[in-house]
Amino acid sequence: SNKWYKDHKVCDKCWPLFNKKNFCRMCKKVYKDNDNQLKMLCCDGCEFWVHASCGGVDEDTYKRMMKDESLEWHCPKCKGDVEVSDDEGDEKVAP
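Residues numbered from 1 in each chain as written. Predicted model: local features only at pLDDT ≥ 70, side-chain atom pairs only at ≥ 80, totals over all residues. Heavy atoms only, no water.

Asker: What exactly am I supposed to notice about the confidence of the model for the protein here?
Answerer: Detailed reading of the predicted coordinates is not advisable wherever pLDDT is low. Taken as a whole, the protein shows an average pLDDT of 82; of its residues, 79% reach a score of 70 or greater. The low-confidence segment residues 88-95, where pLDDT is below 50, has 20 contacts with residues more than four positions distant or belonging to other chains. (pLDDT = per-residue confidence, 0-100. Contact = heavy atoms within 4.5 Å.)

Here is the structure:
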């Protein structure tokens with residue numbers, strides 16, 4: 001259908017995923033619960049999932065983190081590197 005949410009930023013097909021917080025906190029792309037192909041990390045601060053590439057995590061670091069779940073990781077928002085509105089998807093570099 002042609003229904004949009006969040007001022008035309010989320011379509012009706014993506015809205016259920018977005019509404020249950022199944023989106024990367026940095027780029028706002030939605031993901032399905034069973035999409036195990038995505039390289040994502042859960043932030044130990046806010047508990048949002050973030051694409052490794054959106055979080056500035058290189059391939060080697062990502063592999064290390066997947067092997068050792070005791071390693072903590074914080075997304076750029078929690079580290080204070082960027083300001084992100086969880087509603088809108090606007091992102092800017094922090095002062």
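Asker: Quick question: what am I supposed to make of unusual backbone geometry here?
Answerer: The general pattern is negative phi for most residues beyond glycine and trans for most peptide bonds. Notably, K28 is not glycine yet its phi reads approximately 70°, a positive angle. Locating K28 in the fold gives a position in the loop between α1 (15-19) and β3 (40-42). Judged by its relative accessible area of 13%, K28 falls in the buried class. Positioned with a positive phi, E47 is a non-glycine residue whose angle comes to about 65°. (Helix = DSSP H or I, 4+ residues; strand = E, 2+ residues; numbered from the N terminus. Buried < 20%, exposed > 50% of the residue type's maximum accessible area, 1.4 Å probe, protein only.)

Asker: What is the right way to look at the environment of L71 in this model?
Answerer: Residue position: L71 is located in the loop between α2 (59-67) and α3 (76-79). Note on L71: relative accessible area 39%, which makes it partly exposed. Along the sequence, L71 and D44 sit 27 residues apart, while their C-alpha atoms lie 9.6 Å from each other. Residue contacts for L71: discarding those within four places in its chain leaves D44, R64 and M65.

Asker: Explain the state of the cysteines here, please?
Answerer: Per the stated rule, a full pass over the model turns up zero disulfides. Cysteine C43 remains unbridged, with the sulfur of C78 as its closest cysteine sulfur at 3.6 Å. In this structure C75 is not part of a disulfide, and its nearest cysteine sulfur, from C43, lies 3.8 Å away. (Disulfide = S-S within 2.5 Å.)

Asker: Please explain the nonpolar core as it appears in this structure.
Answerer: Buried together is how nonpolar side chains tend to be arranged in soluble globular proteins. L41, V50, V57 and W73 are the most contacted members of the largest nonpolar core, which has 14 residues in total. Put simply, the parts of the chain that give this core at least two residues each are β3 and α2. Discounting residues that sit within four places of it in the chain, V50 has contacts with C24, R25, M26, K39, M40, L41, G55, W73 and C75. (Core = buried A, V, L, I, M, F, W, Y, C linked by side-chain atoms within 4.5 Å.)

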